Amino acid sequence: METKKLIVTDLDGTALQNWETLDPNTKEALIAAKEAGHIVVIATGRPARASLHFYKELGLDTPIINFNGAYIHHPEDETFEDIVAQIPTEVVLTLFDSELKDYIVNAFCELPEMEIPLSLRCRIK
């Protein structure tokens, strides 16, 4: 076998044909790469709940990167120590009360039991 490659793919605008469907050619290529011994990883801005079905559809057995890197976990390995980058609530509230508030388009978070950080999406004027 050739040297193993790490193949990291985004979902939206990359591997997906539409919001809910993997592009058939991309799916075939990613599965073939995995079967050839390469390491295939999903890295997405989506939360875990909106990306795990693609992970399963591809038959992956690697960590998955969610929230643009703020949550890294391994759905198939309970011994994997999750990586969670949390933004303290006080920091977010300070941003909403600062001169930067005009640049915040929206803010969202997942339920605390999911241990997912608060995320901000900002625009540049």
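Calculation criteria
- Residues numbered from 1 in each chain as written.
- Predicted model: local features only at pLDDT ≥ 70, side-chain atom pairs only at ≥ 80, totals over all residues.
- Heavy atoms only, no water.
- Helix = DSSP H or I, 4+ residues; strand = E, 2+ residues; numbered from the N terminus.
- Buried < 20%, exposed > 50% of the residue type's maximum accessible area, 1.4 Å probe, protein only.
- Contact = heavy atoms within 4.5 Å.
- Phe/Tyr/Trp six-rings, centres within 6.5 Å; stacked < 30°, edge-to-face > 60°.
- Lys NZ or Arg CZ within 6 Å of the ring centre and 35° of its normal.
- Pairing = 2+ DSSP bridges.
- Polar contact = N/O pair within 3.5 Å; in protein donor to acceptor, adjacent residues only side chain to side chain.
- Core = buried A, V, L, I, M, F, W, Y, C linked by side-chain atoms within 4.5 Å.

(A) Structural context of the overall build of the protein. Assigned secondary structure in the protein consists of four helices and nine strands. When the helices and strands of the protein are placed in sequence order, the string is β-α-β-β-α-β-α-β-β-β-α-β-β. Taking all 125 residues of the protein together, the buried fraction comes to 30%. Taking the intrachain contacts of the protein between residues at least 6 apart in sequence as the baseline, contacts between residues at least 24 apart amount to 40%.

(B) Representation of the packing of aromatic side chains in the model. Enumeration over the complete set of coordinates arrives at zero aromatic pairs. In this arrangement the basic side chain of Arg 46 is found over the ring face of Trp 19, its NZ or CZ atom lying 4.0 Å from the centre.

(C) View of the sheet that holds strand 5 (residues 64-66). Reading across from one edge, 5-6-7 is the order of the three strands in this open sheet, with antiparallel pairing throughout. The open sheet terminates on both sides in strands that have one partner only, identified here as strand 5 and strand 7 (83-84). For strand 6 (residues 71-73) and strand 7, the ladder comprises two bridges, and the chain directions are antiparallel. When the sheet's bridge partners are listed, Tyr 71 is paired in strand 7 with Val 84.

(D) Spatial organisation of unusual backbone geometry. For Phe 67, which is not glycine, the phi dihedral falls at a positive 50°. In this fold, Phe 67 is placed in the loop between strand 5 and strand 6. Residue classification places Phe 67 among the buried residues on the basis of a relative accessible area of 6%. The backbone of Asn 68 sits at a positive phi, close to 55°, despite the residue not being glycine. Position of Asn 68 among the secondary structure elements: in the loop between strand 5 and strand 6.

(E) Molecular detail of the side chain of Thr 44. Of note, Thr 44 is situated in the loop between strand 4 (39-42) and helix 3 (52-57). Assessed through its relative accessible area of 2%, Thr 44 is described here as buried. Ignoring sequence-local partners within four residues, the contact set of Thr 44 consists of Asp 10, Leu 11, Asp 12, Ser 51, Ile 65, Asn 66, Phe 67 and Asn 68.

(F) Seen up close, the environment of Tyr 55. The residue Tyr 55 is located in helix 3 in this model. Residue classification places Tyr 55 among the buried residues on the basis of a relative accessible area of 1%. Taking C-alpha positions, Tyr 55 is 7.3 Å from Ile 42, a pair spaced 13 residues apart along the chain. When residues no more than four places from it in sequence are discounted, the contact partners of Tyr 55 are Ile 42, Leu 60, Asp 61, Thr 62, Pro 63, Ile 64, His 74, Pro 75 and Glu 76. In this structure the side chain of Tyr 55 is engaged in a polar contact, spanning 2.6 Å, whose partner is the backbone oxygen of Thr 62.

(G) Structural context of the nonpolar core. Within the largest apolar cluster, 13 residues are counted, with the highest numbers of intra-cluster contacts made by Leu 11, Leu 22, Ile 42, Phe 54, Leu 58 and Leu 60. Contributions of two or more residues to this core are made by helix 1 (11-15), helix 2 (24-35), strand 4 and helix 3. Residues within four places of Leu 22 in sequence aside, it is in contact with Ala 15, Leu 16, Gln 17, Lys 27, Phe 54, Glu 57 and Leu 58.

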